[in-house]
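This is what each chain is made of:
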Amino acid sequence: MMSLYSRLTSQHLPNYSNANDVTHDLASLNFEHGLNEYEMRYKKLQARHHAMTIMSVAHATYMVSVLNRVRQMIAEKKQKGKVKSMYNKTQPRDPIKVGIIGCGRLGKQIVSSLLYFSDVRPSELIISTRQPEKLDNLQQAGITCVYNNRMVAQNCDLILLCFSPASLVTVVEEIQGHIRGNSLVFSFLAAVCLGRLKAMLKYEQIAKMDLNWSPKSFDALWTIGNDVISALLDPVTIQLCCPTSSRGGKQVIEAPTTSIEVIIYHMMNMLSHLPPDQILSLVNDILIGKVEGFEMSWEYLLTTEQFKQLKRAKGQLPHMRVDEVSSSTQGTPLRTMMQQNDIFQHHFADQFCSVFSRLYHKPTDE
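Source: prediction; values computed, not measured.

**Examining the confidence of the model for the chain**
For the chain, the average pLDDT comes to 80, and 76% of its residues sit at 70 or higher. Overall, residues 1-24 carries pLDDT values under 50, and its contacts beyond four positions in sequence, including any with other chains, amount to eleven contacts.

Okay, here's the thing in structure tokens:
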């Protein structure tokens, strides 16, 4: 005879496994118990803050993945012209150097995600923070942790600003004039506008993460995970982080398109030594993969003036100003395509999400 427990569980009655837990669902033990109706609305700010963090980490991770893939493609093209030894079967590797200034909550989450998803090795990271001794676990893993912002500026291809706005003047004094000309500076300082950063750093290849939300989305749901890796492994969460994925309903945070535009334009700058047709082919391959019947042309990627410059330069791609893209409130051709072209949206979303399924990069030999 089937036991009472078996009969009840076979009917899938909710929470029956907790029947012996006298504290289960006890309202007085919940955090919300002491909040009144007015205060309860502010609890939803927790979901918004979590969404902002995960969104920022996801875009930083995608950025590093793409730029590393570009560098890998360039290295492989150079390798093709060389005679390979039968004993040397390792793939060429020329990764970008990533620098993080400020390693509080957001900085640490970005580090974790880069190591897990973006084919980044500890030796390819430099962290500058006021208390590097508190990052002993990261140092033991092989990451350079110092309090030397100038070192980050002088040695890194991508510089992520993750410190408090209160430290802005100090950081600027230390890195101004020391950033390498081909480096990209990406800011997560929500309270500091891009124009001010440009003026203070006197540097143009700079962009920032802009996160927006609508009062109408205040009640939108967002799953709060235990840690950033768990959140980014969730397919639904990653879809919400992708600016082109098809997702209906209200969103806690709108996935920004400007950070993706910045990545694309910086990628084209990295490839500018190649003929335009090769650049376009690589951009298509990285952004959307091989898509039968659809290929992005320069009209999708460049403004009218940039396209004219390309023609006047007789095949030399003009330098792309990522700061202008990041600060632009006008619709660019690329932004319009990202928002309106269904084919691009679908295939870009596949590529974006595949970074977090760990299928994006082919494994390389040590």
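**With respect to the packing of aromatic side chains**
With the rule as written, the count across this model stands at nine aromatic pairs. A ring pair is formed by F294 and Y300, whose centres lie 5.9 Å apart and whose planes are at 55°; its orientation type is tilted. A relative accessible area of 11% places F294 in the buried class. Members of the aromatic cluster, connected to one another through ring pairs, are Y62, Y116, F117, F344, F348, F352 and F356.

**Some details on the pairing of strand β1 (residues 98-101)**
Of the two faces of β1, the one carrying V98 and I100 and the one carrying G99 and I101 are both buried. Where β1 and strand β2 (residues 125-128) come together, four bridges link them in parallel fashion. Residue pairing in the sheet places I101 in a bridge with S128 of β2. Handedness of the β1-helix α4 (residues 105-117)-β2 crossover: right-handed.

**Section: the pairing of strand β5 (residues 184-187)**
Residues of β5 alternate between two faces, with L184 and F186 on one and V185 and S187 on the opposite face, all of them buried. Here strand β4 (residues 158-161) runs beside β5; their pairing, made up of four bridges, is parallel. Residue L161 lies in a different strand from β5, and its bridge partner there is S187. In the classification by handedness, the crossover that spans β4, the intervening helix α7 (residues 168-175) and the parallel β5 is right-handed. Summarising the sheet, β5 and strand β6 (residues 206-208) pair through three bridges and their orientation is parallel. Bridge pairing in β6 places S187 opposite K208. In this fold, β5 hands off to helix α8 (residues 194-201), which returns the chain to β6; that crossover is right-handed.

Each value, and the rule that gives it
Per chain, the residues get numbers from 1 upward, laid out in the order the sequence is written. Local features in a predicted model are, by the rule used here, given only for residues with pLDDT of at least 70; side-chain atom pairs are given and counted only at 80 or more, and totals for whole chains, interfaces and linings are based on all residues. By convention in this description, side-chain values take in all heavy atoms of the structure and omit both hydrogens and water. Per-residue confidence from the predictor is reported as pLDDT, which spans 0 to 100. Here, residues are in contact when the closest pair of their heavy atoms is within 4.5 Å. Within 6.5 Å between ring centres, the rings of Phe, Tyr and Trp (the latter by its six-membered ring) count as paired, and their orientation is classed by plane angle as stacked under 30 degrees, edge-to-face over 60, tilted in between. Note on classification: 1.4 Å probe, protein chains only; a residue is buried when its accessible area is under 20% of the maximum for its type, exposed when over 50%, partly exposed between these limits. Starting at the N terminus, helices and strands are each numbered in turn, a helix being any DSSP run of H or I of at least four residues and a strand any DSSP run of E of at least two. Strand pairing is assigned whenever DSSP identifies at least 2 bridges connecting the two strands. Look down the strands so they point away from you; if the path from the first strand over the helix to the second goes clockwise, the crossover is right-handed.

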